[in-house]
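Structural overview for review
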Amino acid sequence: MPRTVKIGNGCGFWGDNLDAPVELACRAHLDYLTLEYLAELTMSILAVQRQKDPQTGFATDFLDVLERLAPQLLAQPNLKIVTNAGGMNPAGCAAKANAILEKNGLENRRIAVVTGDDLLPRMDELIATGHAFAHLDTGEPLATVRDRVVSANAYLGAQPIAEALQLGADIVITGRVADAALTVGPAAFEHGWKWNEWHRLAGATVAGHLIECGAQVTGGLWCNWQEAPDLANVGYPIAEVDADGTCRIAKPPGTGGSVDIETVGEQLLYEVGDPAAYLTPDVVADFTSVKLNDRGNDLVEVTSPKGRPATDSYKVSIAYRDGYASAGTLVIFGPDAAGKARRAGAMLLDRLKRAGYKYAHTNIEALGAGDCVPGVVPTRGDPAEVVLRVAVRDPRRAAVERFTKEFAPLVTSGPPGTTGYTTGRPPVREVFAYWPALVAKAAVTATVRLV
C-alpha cells in the first residue's frame, strides 16, 4: 500500500502571506508544497500585463517565494512544488524560476509547465465551429462581447499535473487549473490511481478544496475566531492523503490558529453551489457523503468521500473590458453622521449631473451605518462617524475622471464634519467583467513539457 502523501498549501491567492510557504516548508516536512495564486480577476490582470509585455503575465510573488525556499529545497531534496503561478505565461514563469534554481545550486531540479488552458488565441476558431461559450447565468452567446474579451481560460484538471510528475518534474508550473487539482495531481501520481477511481479522486478533491484557501481552514474567517490561539502566527494547512482517498487536515506544530470540526466544516462549504455535486474536471464529488472526525491536537480526519464521473465539459473563465470605475471616500463625523454622508453623496452626484455627467452605475454608502451589509447586521444608535463612499462606473473614461474631481469641494461646500481628504483624488481603473462558460473537453488539449 502506498504511503500517505503529505501536501501543504502555503498560498491561497496572489497577495497572501509571503512568509507562509517558507514557514510551512520549514516546519512540516512535506512531500509537496502547493501554491495557489489565481482567481478570475487575477487572470484578467495577468492578461493585460501580457498584452503590454509578452514576457510577463504570471504571478511574480512566486519568484520571491522560490528564492526564499532555496535553502529548504537544498535541505529537503524530495520536496516538490506544484503551483498555478504560471497564470497567462507558464513558460515565462518557468524561465525565471530556472534562473533562481541555478543561482542557488539547484540546477538539478526539473521544472515542468502545463499549458493548453489559454483559449484566447483559438476563440474565433472555436466559436466558428459551434462553441458558443454561452454565459452560464444568462445564456447569452459570447459573440455579444467578443470584441472586448481579454482572457479566456479553461479550468484544466489534475491529469497533466500527474503526467508532469511522472516525467520527473520537481516543480510543476501550470496556467489555469481547478484549485483542487493542485492536490489531486500529486495524490493520484503518488498512489497510482486510475482516472476512473471516482471515490479516491473525490477524497483528494475534498482535501484540495479544504486547503486551497490557505489559513481559512486553520482559523482564518472562523465564526469563533476569538477562540483560535495566536491567530497572528496562524499555521497554514496540511492534507495527509491516504491511498483510499481518506485524508487528515492539520497544521504545523507550534503555529497559531486552530483545526477542528468548525474550521474544516466552514471551509468544506466555502464557494460550493450544490454540496452533493461539486463539479471539477476530474470528478463530481459528493460533499454530503463526507464525515469529519476531530482527532484532537489540531487534527481532523475526513472520511467516506464519494464521487461520480466528471462531466464532458471544462468550465471557462472569460474576462472582457466593461468600462471604467472609480470610488472615493471621505470621513463624516458629528451629529447625524450617516444622514449627512448620504446627503453629501447625493450632492456630489447632483453637481456632476448639472455639469452634464450622468453615469451608468452609481452607489452611495455610509460605511459604519450598516450600508456595507444592509439588513444583515442591525445597527444600533447614531454612529459618531462614518465613511462616505461614492462609486461610479461608466463606459466613458472622461466621465469617470470628472467624477474624481468632485470629492475635494465637499470639504468646504458640504455638510460640517467633513474631513479625510488628504489622500488625493481617487484613481480611475478599467473594469473587467466576468463571463463564465463551458467548453467541450474534446476541444481542449493540455500540454506538458519539461523545461
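Here's a quick rundown of the structure. (Residues numbered from 1 in each chain as written. Predicted model: local features only at pLDDT ≥ 70, side-chain atom pairs only at ≥ 80, totals over all residues. Heavy atoms only, no water.)

1. Some details on the overall build of the chain
Defined as follows: Going along the chain from the N terminus, every DSSP run of H or I of four or more residues is numbered as a helix, and every run of E of two or more is numbered as a strand. A radius of gyration in this sense is built from C-alpha atoms; the matching globule rule multiplies 2.2 Å by the number of residues raised to 0.38. Throughout, exposure labels follow a simple rule: accessible area from a 1.4 Å probe, protein chains only, divided by the maximum for the residue type, with under 20% read as buried, over 50% as exposed, and the rest as partly exposed. Whether two residues are in contact is decided by their heavy atoms: any pair within 4.5 Å suffices. What sets the accessible areas is the Shrake-Rupley method with a 1.4 Å probe; for residues, cover comes only from the shown protein chains. We count Lys and Arg on the positive side and Asp and Glu on the negative side, and we leave His and both chain ends out. Where a charge lies is defined by one atom per residue type, namely NZ (Lys), CZ (Arg), CG (Asp) and CD (Glu).
Along the chain, the regular secondary structure elements total 12 helices and 19 strands. A compact globule built from 451 residues would reach a C-alpha radius of gyration of about 22 Å, and the chain, at 24 Å, matches this within 12%. Taking the principal axes of its C-alpha atoms as reference, the chain extends roughly 75 × 55 × 45 Å. For the chain, with 451 residues in total, the buried portion stands at 53%. A sequence separation of at least 24 residues applies to 76% of the contacts in the chain between residues at least 6 apart. Carbon and sulfur atoms make up 52% of the accessible area of the chain, which amounts to about 19800 Å² in all. In the chain, the 43 positive side-chain charges and the 52 negative ones have mean positions that sit 6 Å from each other.

2. With respect to the environment of leucine 30
With respect to the secondary-structure elements, leucine 30 resides in the loop between helix H1 (20-28) and strand S2 (32-35). Given a relative accessible area of 5%, leucine 30 falls into the buried group. It is 8.4 Å that separates the C-alpha atoms of leucine 30 and lysine 80, two residues lying 50 residues apart in sequence. Other than its neighbours up to four places away in sequence, leucine 30 contacts Lys6, Ile7, Gly8, Leu24, Gln76, Leu79 and Ile238.

3. Quick look at the sheet that holds strand S13 (residues 306-308)
What counts is decided by this rule: Strand pairing requires that DSSP identify at least two bridges connecting the strands. Interaxial angles span 0 to 180 degrees and are taken between N-to-C directions of axes, which are lines fitted to C-alpha atoms, for helices over the stretch in contact.
The three strands are arranged S9-S10-S13 in an open sheet whose pairing can be described as antiparallel. The sheet is open, and its two edges are formed by strand S9 (278-279) and S13, each paired on a single side. Two strands pair when backbone bridges link them, and strand S10 (residues 284-286) and S13 are joined in this way by three bridges, in the antiparallel orientation. Across the sheet, valine 284 pairs through a bridge with arginine 308, a residue of S13. The sheet strands contacting helix H8 (residues 198-211) are S9, S10 and S13, and the helix crosses S13 at an angle near 110°.

4. Overview of the state of the cysteines
Cysteine pairs can be linked by a disulfide, which is a covalent bond between their two sulfur atoms. As a reminder of what qualifies: For the purposes of this analysis, a disulfide is any pair of cysteine sulfur atoms at a distance within 2.5 Å.
Under the criterion given, the structure shown has zero disulfides. Between cysteine 213, a free cysteine, and cysteine 11, which holds the nearest cysteine sulfur, the sulfur-to-sulfur gap is 10 Å. You can see cysteine 247 has no disulfide; the closest cysteine sulfur is in cysteine 213, sitting 15 Å from it.

5. Regarding the pattern of salt bridges
The test is simple: Any Lys or Arg side-chain nitrogen located within 4 Å of an Asp or Glu carboxyl oxygen qualifies as a salt bridge.
With the rule as written, the count across this model stands at 24 salt bridges. Between arginine 248 and aspartate 242 there is a salt bridge whose closest N-O contact spans 2.9 Å. Residue arginine 248 is classed as buried on the basis of its relative accessible area, which comes to 15%. Judged by its relative accessible area of 17%, aspartate 242 falls in the buried class. Among the charged side chains, a salt-bridge network with shared partners connects Arg3, Asp31 and Glu190.

6. Concerning the nonpolar core
Here is the rule: We define a nonpolar core as any set of buried Ala, Val, Leu, Ile, Met, Phe, Trp, Tyr and Cys residues linked to one another through side-chain atoms lying within 4.5 Å.
One finds Leu119, Phe133, Ile249 and Ile318 to be the most contacted residues of the largest nonpolar core, which totals 66 residues. In terms of residue count, the dominant contributor to this core is H8 (seven residues). With near-sequence residues (within four places) excluded, isoleucine 249 lies in contact with Leu210, Ile211, Val217, Ile238, Ala239, Val259, Val264, Asp298, Leu299, Val300 and Val302. Judged by nonpolar contacts, the second largest core, of 40 residues, contains Cys11, Leu38, Phe58 and Leu79.

7. Examining the packing of aromatic side chains
Put simply, the rule reads: Between rings of Phe, Tyr and Trp, where Trp is taken as its six-membered ring, a pair exists when centres lie within 6.5 Å; planes separated by under 30 degrees are stacked, by over 60 edge-to-face, and by other angles tilted. In this scheme, the term charge over a ring applies when either NZ of a lysine or CZ of an arginine sits within 6 Å of the ring centre and within 35 degrees of the ring normal.
Tallied over the full model, the rule gives five aromatic pairs. For the pair tyrosine 359 and phenylalanine 403, a centre-to-centre distance of 6.4 Å together with 70° between the ring planes defines the contact as edge-to-face. A residue pair is termed long-range when its members are at least 10 positions apart, and tyrosine 359 in the loop between helix H10 (337-354) and strand S15 (361-367) and phenylalanine 403 in helix H11 (residues 397-403) qualify at 44 residues. Each member of the pair tyrosine 359 and phenylalanine 403 is classed as buried. An aromatic cluster is defined as three or more aromatic residues linked by ring pairs; in this entry it consists of Tyr359, Phe403 and Phe407. We note lysine 441 situated over the ring of tyrosine 314; from NZ or CZ to the ring centre the distance is 5.5 Å.

8. A closer look at H10
Rules: By definition here, a helix of n residues has an expected span of 1.5 Å times n minus one.
If you check H10, its first and last C-alpha atoms are 26 Å apart, about what 18 residues at 1.5 Å a residue would give, namely 26 Å. Once H10 finishes, glycine 356 follows within two positions and takes phi at roughly 100°, a positive value.

9. Regarding the pairing of strand S11 (residues 291-294)
Residues in a regular strand point their side chains to alternate faces of the sheet. For S11 and strand S12 (residues 300-303), the ladder comprises four bridges, and the chain directions are antiparallel. Its bridge partner lying in S12, leucine 292 is registered against valine 302. Where S11 hands over to S12, the hairpin turn is made up of five residues, of which glycine 296 adopts a positive phi near 80°.

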